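The chain contents come next:
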Amino acid sequence: MMNAPLFQATSDFHPLVIMDNYNDANLVTLHHGDSCTFLKTIPDESISLVVTSPPYNIGKSYERRQDIGSYLAEQEVVISELVRTLNNRGSICWQTGNYVDEGEVFPLDIFYYQIFKRNGLKLRNRIIWHFEHGLHASKRFSGRYETILWFTKSDDYTFNLDPVRIAAKYPGKRHFKGPNKGQPSGNPLGKNPSDIWEFLYE
Ligand SMILES: C[S@@+](CC[C@H](N)C(=O)[O-])C[C@H]1O[C@@H](n2cnc3c(N)ncnc32)[C@H](O)[C@@H]1O
């Protein structure tokens, strides 16, 4: 296996080196290849966060469309490798949409949930992300959301809420009665962004 840098740039602040093969010492590894083969090169419990959007089995150029059972069995091999490489405080964010067969909708996240549970993970959020563009359906409502299943390996997981807080609707709002009367009622750093995310195009 070659381990020469794919890319190297130096700046006054930090040298950026991108490596092709995984090594704990790499700052960035960018591997173009089969996910399962690559995952086998990563040691147990060494990854903190997995964010991925796997193929949906909808016949895109990079996939071979198959029956839903075979598709999920193939993805479970990848998922069990991801779980092996995930550390105890780690998370997996699995983004999918629907697989549609002859007009029948199969919400992939519902099928995936069972696979993650079998692999010992716990769901923390099912995030709905809404978009405004897309195909216009004529025999059902047009699909305008996909989901991200956020699973953790243990109950002692990393979650940094403060850096992702958003502006509160009423930032200066205060308690109007009770022992905290007059005190700010919201978090001064903003509110929790919730499990519904909107991607709007201006
Ligand atoms: C649903 S797309 C995700 C697209 C991505 N979220 C984006 O916004 O560009 C699935 C991706 O998985 C890649 N892929 C499919 N099979 C793969 C495999 N066996 N190993 C690694 N990547 C694979 C495809 O090339 C494609 O980019």
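Sequence order sets the numbering: in each chain, residues are counted from 1 along the sequence as written. pLDDT decides what is reported in this predicted model: residues at 70 or higher carry local features, side-chain atom pairs at 80 or more are listed and counted, and totals for whole chains, interfaces and linings draw on all residues regardless. Hydrogens are left out, water is left out, and the side-chain values use all remaining heavy atoms of the structure.

Asks: How would you explain the domain arrangement of the chain if you had to name every residue and give the values?
Replies: Note: domain ranges come from an automatic or database domain assignment. We note that the domain assignment places domain 1 (51–153) and domain 2 (160–202) within the chain. Each of domain 1 and domain 2 has a C-alpha centre, and the two are 30 Å apart. The contact criterion used throughout is that any non-hydrogen atoms of two residues lie within 4.5 Å. Listed by partner, the interface residues are ten residues for domain 1 and seven residues for domain 2. Once two parts are put together, the accessible area they lose, assessed with a 1.4 Å probe and summed over both, is termed the buried area. Summed over both partners, the interface of domain 1 with domain 2 comes to about 740 Å²; 63% of that surface belongs to carbon and sulfur atoms. Its largest share of buried area at the contact with domain 2, domain 1 owes to Ile-127, His-130 and Glu-132, together 49% of the area lost on that side. Here, a salt bridge means any Lys or Arg side-chain nitrogen found within 4 Å of an Asp or Glu carboxyl oxygen. Counting the contacts that link domain 1 with domain 2 gives zero salt bridges. Identification of polar contacts relies on pairs of N or O atoms within 3.5 Å, with a donor-acceptor requirement for protein atoms, meaning one able to donate a hydrogen and the other able to accept it, and with residues adjacent in sequence counted only if both atoms are side-chain atoms. At the boundary of domain 1 and domain 2, one finds four residue pairs in polar contact (both at pLDDT 80 or more). Counting residues per element, the side of domain 1 that touches domain 2 draws most heavily on strand β8 (residues 122–131), which supplies seven residues. Amino acids outside the nonpolar list (Ala, Val, Leu, Ile, Met, Phe, Trp, Tyr, Cys, Pro) and the charged list (Asp, Glu, Lys, Arg) are all regarded as polar, and Gly is one of them. Split by residue class, the side of domain 1 that touches domain 2 holds five nonpolar, three polar and two charged. Comment: elements are numbered from the N terminus, with helices defined as DSSP H or I runs of at least four residues and strands as E runs of at least two.

Asks: Can you tell me about the sheet that holds strand β2 (residues 16–19), naming the residues and giving the values?
Replies: Whether two strands pair depends on DSSP finding at least two bridges between them. Strand order in the open sheet made by the three strands is β1-β2-β3, with mixed pairing throughout. With one partner strand each, in any of the chains shown, β1 (5–9) and β3 (28–29) form the two edges of the open sheet. Here β2 pairs with β3 via two bridges, running parallel. Paired with Ile-18 across the strands is Val-28, a residue of β3.

Asks: Can you tell me about the packing of aromatic side chains, naming the residues and giving the values?
Replies: Working definition: a ring pair exists when centres of Phe, Tyr or Trp rings (six-membered ring for Trp) sit within 6.5 Å. Plane angles under 30 degrees give stacked, over 60 give edge-to-face, the rest tilted. Summed over all chains, the structure comprises eleven aromatic pairs. Considering the side-chain rings of Phe-106 and Phe-111, the 6.2 Å spacing of their centres and the 40° angle between planes classify their relative orientation as tilted. The classification of residues rests on relative accessible area computed with a 1.4 Å probe and restricted to protein chains. Under 20% of the type maximum is buried, over 50% is exposed, and intermediate values are partly exposed. The class for Phe-106 is buried, based on a relative accessible area of 17%. Ring geometry for Trp-129 against Phe-131: centres 5.2 Å apart, planes inclined by 50°, an arrangement best described as tilted. Site record: aromatic cluster; members linked through ring pairs are Tyr-71, Trp-94, Tyr-112, Tyr-113, Phe-116 and Phe-151.

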